[in-house]
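Structure assessment
Listed below are the residues making up each chain.
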Amino acid sequence: MSSKEFDVNGTDYKIVLTEQVIGHVNNLKSLYNAAYEDPESFEDVSSEISSTINEIASTVEPPAEDSDLDGLIQEIIKAVDNKAEEIKKELEAKEKPAKKSKSKK
C-alpha cells in the first residue's frame, strides 16, 4: 500500500492505494473501455461507472467536491498505473538473474 497526494483545483487530496482501490480503478478503466468500444452500451454502464467513481471517491481525504471529481479520478488512475508499472519493473528485475562475471585465468 502506498499513500498518494494530489492537488486538484487548489485542494490537497490524499488517498491510500489499497488493493480495493486498485481493483475499483481497474474496473473503472474496463467500464470506460466498454463504453468507448460500444457507445450504445454507455447507458447500460454509466450507472456502474458512476457507482465505481463514488466508491473510489469515498476513500479520499478530505471528501471530494463534485467539481474536483473528474480531475481527482484522473490523478488516481495515473497513480494506479504508475504503481502497476513500478511493480512490473520490480518483478522483471527479480526474474533476471544477476550475471556473474567469470574470471579468466
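Conventions adopted
- Residues numbered from 1 in each chain as written.
- Predicted model: local features only at pLDDT ≥ 70, side-chain atom pairs only at ≥ 80, totals over all residues.
- Heavy atoms only, no water.
- Axes fitted to C-alpha atoms, helices over the stretch in contact; angles between N-to-C directions.
- Helix = DSSP H or I, 4+ residues; strand = E, 2+ residues; numbered from the N terminus.
- Parallel < 35°, antiparallel > 145°, perpendicular 65-115°, else oblique.
- Contact = heavy atoms within 4.5 Å.
- Nonpolar A, V, L, I, M, F, W, Y, C, P; charged D, E, K, R; others polar.

This part takes up the packing of helix H1 (residues 19–37) against helix H3 (residues 69–95). How two helices pack is summed up by the angle between their axes together with the distance between the axes. Between H1 and H3, whose axes approach to 10 Å, the crossing angle comes to 110°. For the element pair H1 / H3, the angle class is roughly perpendicular. Taken together, the residues of H3 that come into contact with H1 (itself represented by Ile-22, Val-25, Asn-26, Leu-28, Lys-29 and Tyr-32) are Ile-73, Ile-76, Ile-77, Val-80 and Asp-81. Partitioning the contact of H1 with H3 into residue classes produces 8 nonpolar, 1 polar and 2 charged.

The next thing to look at is the side chain of Ser-41. Summarising the element assignment, Ser-41 is placed in the loop between H1 and helix H2 (42–57). Every residue in contact with Ser-41, bar those within four places of it in the chain, is listed here: Ala-34 and Ala-35.

Geometric descriptors of this kind do not, in isolation, establish any biological role.
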